[in-house]
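Working through the structure, step by step
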Amino acid sequence: MVQFLGNPGANGELVHMVTLDKTGRKSFGICIVRGEVKDSPNTKTTGIFIKGIVPDSPAHLCGRLKVGDRILSLNGKDVRHSTEQAVIDLIKEADFKIDLEIQTYDKSDDQQQQQAKGDPRSNGYMQAKNKFNQDQMTNNNAGGGQGMGQGMNQGQGMGGMNRQQTMQKRNTTFTASMRQKYSNYADEDDEDTRDMTGRIRTEAGYEIDRASAGNCKLNKMEKDRDKEQEDEFGYTMAKINKRYNMMKDLRRVEVQRDPSKPLGIALAGHKDRQKMACFVAGVDPNGVFASADFKPGDEIVEVNGNVLKNRCHLNASAVFKNVDGDKLVLITSRRKPNDEGMCVKPIKKFPTSSDETKFLFDQFPKARTVQVRKDGFLGIMVIYGKHAEVGNGIFISDLREGSNAELAGVKVGDMLLAVNQDVTLESNYDDATGLLKRAEGNVTMILLTLKSEEAIKADKEAEEKKKEEAKKEEEKPQEPATAEIKPNKKILIEIKVDKKPLGVIVCGGKNNHVKTGCVITHVYPEGAVAADNRLKIFDHICDVNGVPTHVGAMTTLKVHQLFHTTYEKTVTLTVYRADPPELEKFNVDFMKKSGKELGLSLSPNERGCTIADVIQGQYPEIDNKLQRGDIITKFNGDSLEGLTFQVCYALFKGANGKISMEVTRPKPTLRTEAPK
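About the criteria used
- Residues numbered from 1 in each chain as written.
- Predicted model: local features only at pLDDT ≥ 70, side-chain atom pairs only at ≥ 80, totals over all residues.
- Heavy atoms only, no water.
- Helix = DSSP H or I, 4+ residues; strand = E, 2+ residues; numbered from the N terminus.
- Buried < 20%, exposed > 50% of the residue type's maximum accessible area, 1.4 Å probe, protein only.
- Contact = heavy atoms within 4.5 Å.
- Areas by Shrake-Rupley, 256 points an atom, 1.4 Å probe, with all protein chains shown as cover.
- Phe/Tyr/Trp six-rings, centres within 6.5 Å; stacked < 30°, edge-to-face > 60°.
- Lys NZ or Arg CZ within 6 Å of the ring centre and 35° of its normal.
- Core = buried A, V, L, I, M, F, W, Y, C linked by side-chain atoms within 4.5 Å.
- Patch = residues over 30% accessible without salt bridge, like charges linked within 9 Å, V, L, I, M, F, W, Y side chains within 5 Å.
- Salt bridge = Lys/Arg side-chain N within 4 Å of Asp/Glu carboxyl O.
- Lys, Arg positive; Asp, Glu negative; His and termini not counted.
- Charge placed at Lys NZ, Arg CZ, Asp CG, Glu CD.
- pLDDT = per-residue confidence, 0-100.
- 1 Å grid on protein atoms, 1.4 Å probe; cavity = no way out; pocket = protein on both sides within 12 Å on 5 of 7 lines; lining within 4 Å.
- Points joined across faces, edges and corners; volume = space filled by probe spheres on them.
- Domains from an automatic or database assignment.
- Disulfide = S-S within 2.5 Å.
- Pairing = 2+ DSSP bridges.
- Arc of directions from axis to C-beta.
- Polar contact = N/O pair within 3.5 Å; in protein donor to acceptor, adjacent residues only side chain to side chain.

**What to know about the overall build of the chain**
- Along its length, the chain carries 18 helices and 34 strands.
- The burial tally for the chain puts 45% of its 676 residues in the buried class.
- Contacts spanning at least 24 positions in sequence make up 65% of the contacts within the chain whose residues lie at least 6 apart.
- Surface summary for the chain: the accessible area is close to 37600 Å², and the carbon and sulfur share equals 49%.

Right, dumping it as structure tokens:
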């Protein structure tokens with residue numbers, strides 16, 4: 001979309017508005033550079049110019065942008081005096097649309113003729129196939145103009161064949177600041193086109209970001225005007241204002257860090273989640289910044305040469321902790337109260353100062369606090385290592401003889417848990433050494449004296465010895481009358497019966513579906529087993545009164561008689577309780593006729609309904625698949641676990657038609673030897 005504002009000026013200039021929409025595309029398709037236009041031999045106009053347009057991009061398809069156009073404003077912000085990086089940041093911060101105020105100049109006759117002939121450079125770009133056509137490039141540069149891809153001079157190169165004729169008609173020559181090895185214009189007045197990635201050291205020896213204001217390049221005129229002496233980070237207000245000329249009310253804030261006090265600032269991000277910024281959300285009146293020129297809503301763009309602009313506020317917290325030295329120098333931009341930006345409301349109340357290291361004494365009860373006077377050095381060396389007792393951490397590796405640390409009671413091998421209020425429990429070596437270097441005066445350290453490897457080995461041996469003794473204690477025979485049945489172990493128990501029936505249903509036998517063991521599937525509440533309250537459903541009975549229950553050699557009737565015999569006083573049983581229970585499940589489906597009984601005698605329990613007896617001849621499906629001791633757990637999809645006899649009777653009595661039953665049957669492992 002293109003909207004024209006104004007008419008051609010005296011020099012053939014035209015100002016118009018262009019709106020670019022990159023919806024569905026990666027970029028707007030324009031490349032920019034800071035350059036200048038010579039209006040006459042004695043005057044020139046500087047600004048941001050378009051140096052390239054990507055084919056088939058929004059900038060190309062709009063048809064109203066070309067190489068050499070000057071950008072006056074972007075999204076309503078005046079960029080005539082902005083740096084190239086500042087305009088790039090504005091474009092990155094924009095959403096899918098940008099509004100450009102463009103100043104363009106009339107074309108020379110040669111340019112118009114070339115465009116009429118279908119010159120591939122029309123609309124501000126050159127097709128890729130012409131980039132490598134040396135003959136055409138030579139002709140285009142015959143008048144001294146530079147070809148496409150050589151920087152911003154491509155604006156004049158489009159009419160370079162008859163440059164003298166062009167200059168007679170319009171005495172306007174377009175040049176740009178370029179970093180060329182053999183350029184005649186590479187002097188101190190050129191714009192800063194250096195690589196701004198990575199780090200660099202200042203004259204004072206401090207490491208800063210290349211993109212920092214401390215590394216900003218001033219031209220000769222700006223240097224003459226700037227009378228301020230650079231600080232250790234290279235800052236002057238002239239550099240700061242030039243680097244961040246698009247930002248409002250720039251300030252340089254300097255504070256001295258007090259190791260005994262927290263910084264006392266709360267940080268917040270940009271309310272637009274597509275943008276990243278670091279705002280001051282609040283200032284603690286008891287913190288280091290309480291007396292500084294710091295207010296909620298200020299945007300922090302740098303600290304000690306570390307650029308925070310366009311960075312997440314969470315990263316800024318780590319930067320504040322890791323900066324070296326006691327001096328903090330910040331560059332801030334103060335915004336008006338109604339300016340959009342911070343994602344939260346200003347924080348006015350801060351919690352009362354609390355000891356952030358208190359939890360260390362809860363986690364390590366034997367930790368101790370040591371205060372060491374730092375007179376130039378502490379006299380300790382640390383390493384990052386691992387200890388068998390506490391794992392990874394920072395440890396004291398060496399002490400200077402006669403140092404304050406040695407006199408204060410610091411020992412080699414101690415684990416360093418905190419320095420002043422900074423916890424080092426999860427710190428790496430660089431973080432820990434940084435804290436120790438920055439600490440001044442009386443340094444408070446929290447240390448933990450750990451056991452030596454020999455002591456740890458002795459403790460392990462003592463612990464293993466205790467486990468062996470406990471294991472032997474468990475293996476001692478228990479009193480059968482009171483022995484506790486433990487999972488996956490054979491336990492001998494004695495049950496007092498006094499001629500009372502045992503009161504259980506069991507399954508197993510050589511003519512039974514269960515041929516590997518005798519298993520309890522129901523306990524009657526009035527029997528002796530229920531009164532003893534130790535045996536449970538699915539317990540495997542390995543022998544009765546010392547006689548093995550090898551069911552593979554016993555009929556179902558004989559197994560049944562073992563548990564229905566009347567014993568005089570007591571009966572002994574060897575029990576094995578499998579965990580998890582050894583079971584199998586299957587379904588029985590058949591058609592029940594109205595008025596015809598199922599032929600099953602049932603005993604409900606917590607597992608379902610145990611079959612106490614089967615009347616043969618009622619339903620062949622039941623006769624062939626079910627037996628005494630099977631447990632019906634579901635009837636037509638309804639669970640029977642824990643139901644009363646009356647409810648189960650009603651379900652079985654009232655059902656007609658298709659019947660589906662889920663049946664659970666013990667399937668024990670063979671644990672008794674066959675008789676010889």
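Now, onward.
**Some thoughts on the packing of aromatic side chains**
- Under the criterion given, the structure shown has six aromatic pairs.
- A ring pair is formed by Phe645 and Tyr649, whose centres lie 6.1 Å apart and whose planes are at 25°; its orientation type is stacked. Remark: Tyr649 and Phe645 occur in helix H18 (residues 645–654); sequence separation between them is four residues, near one turn of the helix.
- Here a set of aromatic residues connected by ring pairs shows up, and it is made of Tyr206, Phe233 and Tyr235.
- A cation sits over an aromatic face here: Arg400 above Phe377, 4.2 Å from the ring centre.
- Stacked on the ring of Tyr619, the Lys or Arg Lys596 has its end atom at 4.8 Å from the ring centre.

**Here we look at the nonpolar core**
- Core analysis: the largest hydrophobic core is formed by 24 residues, its most contacted members being Ile493, Ile495, Leu535, Ile541, Phe563, Val571 and Leu573.
- The set of elements that each furnish at least two residues to this core consists of strand S23 (490–496), strand S24 (504–507), strand S25 (518–523), helix H15 (528–532), strand S26 (540–544) and strand S28 (570–576).

**Concerning a negative patch on the surface**
- A contiguous patch of negative charge, built from Glu461, Glu463, Glu464, Glu468 and Glu469, is present on the exposed surface.
- Structurally, Glu463 is set in helix H14 (residues 453–475).

**Notes on the confidence of the model for the chain**
- Looking at the chain as a whole, its pLDDT mean stands at 80, while 83% of the residues score no less than 70.
- Counting interchain partners and residues more than four positions distant, the pLDDT-below-50 stretch residues 107–190 has 145 contacts.

**Examining the layout of surface pockets**
- Empty space within the second largest pocket amounts to approximately 940 Å³.
- In terms of lining, the second largest pocket is formed by 31 residues, of which the most central are Lys77, Leu90, Glu93, Lys309 and Arg335.
- For the lining of the second largest pocket, the two domains that each supply at least three residues are domain 1 (13–105) and domain 2 (199–334).

**Overview of the pattern of salt bridges**
- In the structure shown here, the tally under the stated rule is 26 salt bridges.
- Linking Asp231 and Arg252 is a salt bridge whose minimum nitrogen-to-oxygen distance equals 2.6 Å. Of the two residues, Asp231 is situated in the loop between helix H8 (220–225) and helix H9 (237–243) and Arg252 in strand S11 (residues 250–256); the sequence distance between them amounts to 21 residues.
- Residue Asp231 is classed as buried on the basis of its relative accessible area, which comes to 15%.

**Remarks on the environment of Val87**
- With respect to the helices, strands and loops of the structure, Val87 is situated in helix H2 (residues 84–93).
- Here the alpha-carbon distance between Val87 and Ser73, two residues 14 residues apart in the chain, equals 9.5 Å.
- In this structure, Val87 is in contact with Ile32, Ile48, Leu74, Val79 and Ser82, ignoring residues within four places of it in sequence.

**Quick word on the state of the cysteines**
- Considering all chains together, one arrives at zero disulfides under this definition.
- Cysteine Cys312 shares no disulfide, and the gap to the nearest cysteine sulfur, in Cys278, comes to 8.6 Å.

**Side note on the pairing of strand S20 (residues 415–419)**
- In terms of burial, S20 is a largely internal element, five of the five residues being buried.
- Sheet analysis places strand S19 (residues 391–399) next to S20, joined by two bridges and oriented antiparallel. Bridged to Phe395 within S20 is Met415.
- The sheet contact formed by S20 and strand S22 (residues 441–448) spans four bridges and is antiparallel.

**A look at unusual backbone geometry**
- Going from Asp579 to Pro580, the amide bond is cis rather than trans, its omega being 5°.
- Within the secondary structure layout, Pro580 lies in the loop between S28 and strand S29 (583–592).
- Even without being a glycine, Asn310 presents a positive backbone phi close to 65°.
- Mapping Asn310 onto the fold places it in the loop between strand S15 (306–307) and helix H10 (313–322).
- Residues other than glycine seldom take positive phi values, yet Asn545 does so here, at roughly 55°.
- Here Asn545 is to be found in the loop between S26 and strand S27 (547–548).

**Focus: the environment of Ile383**
- With respect to the helices and strands, Ile383 occurs in strand S18 (residues 380–387).
- Judged by its relative accessible area of 43%, Ile383 is partly exposed.
- Each C-alpha atom, one on Ile383 and one on Phe395, is 5.5 Å from the other, the two residues being twelve residues apart in sequence.
- In contact with Ile383, not counting residues within four places along its chain, are Gly393, Ile394, Phe395, Ser397 and Tyr429.

**Regarding the pairing of strand S32 (residues 631–635)**
- The buried fraction of S32 is high, at four of five residues.
- For strand S31 (residues 608–614) and S32, the ladder comprises two bridges, and the chain directions are antiparallel. Looking at S32, one finds that Cys609 is bridged to Ile632.
- In terms of strand pairing, S32 meets strand S34 (residues 657–666) through four bridges, oriented antiparallel. Note on S34: the bridge partner recorded for Lys634 is Glu662.
- Bridge count between S32 and strand S33 (residues 638–639): two bridges; the pairing is antiparallel. What sits directly across from Lys634, in S33, is Ser639.
- The hairpin turn running from S32 into S33, its antiparallel successor, is two residues long, and Asn636 in that turn takes a positive phi close to 55°.

**Observations concerning H10**
- Inspection of H10 places Ala316, Val319 and Phe320 among the buried residues, and these make up the whole buried set. The buried residues of H10 all sit within an arc of 100° when viewed along its axis, so they share a single face. Opposite the packed face of H10, turned more than 90 degrees from it, sit the exposed residues Leu314 and Lys321.
- Check the buried side of H10 and you find it contacts strand S12 (265–268), strand S14 (299–303), S15 and strand S16 (327–333).

**Focus: the side chain of Arg70**
- Along the chain, the position of Arg70 falls in strand S5 (residues 70–74).
- Buried and unpaired, Arg70 has no salt bridge, with Asp78 as the nearest side chain of opposite charge at 6.9 Å.
- Within polar-contact distance, the side chain of Arg70 engages the backbone oxygen of Thr46 at 2.9 Å.
- Contacts of Arg70, omitting those with residues within four sequence positions, involve Thr45, Thr46, Gly47, Ile48, Phe49, Arg80, Glu101, Ile102 and Gln103.

**What to know about the environment of Arg607**
- Here Arg607 shows up in the loop between strand S30 (600–605) and S31.
- Arg607 sits 25 residues away from Ile632 along the chain, and the two C-alpha atoms are 8.4 Å apart.

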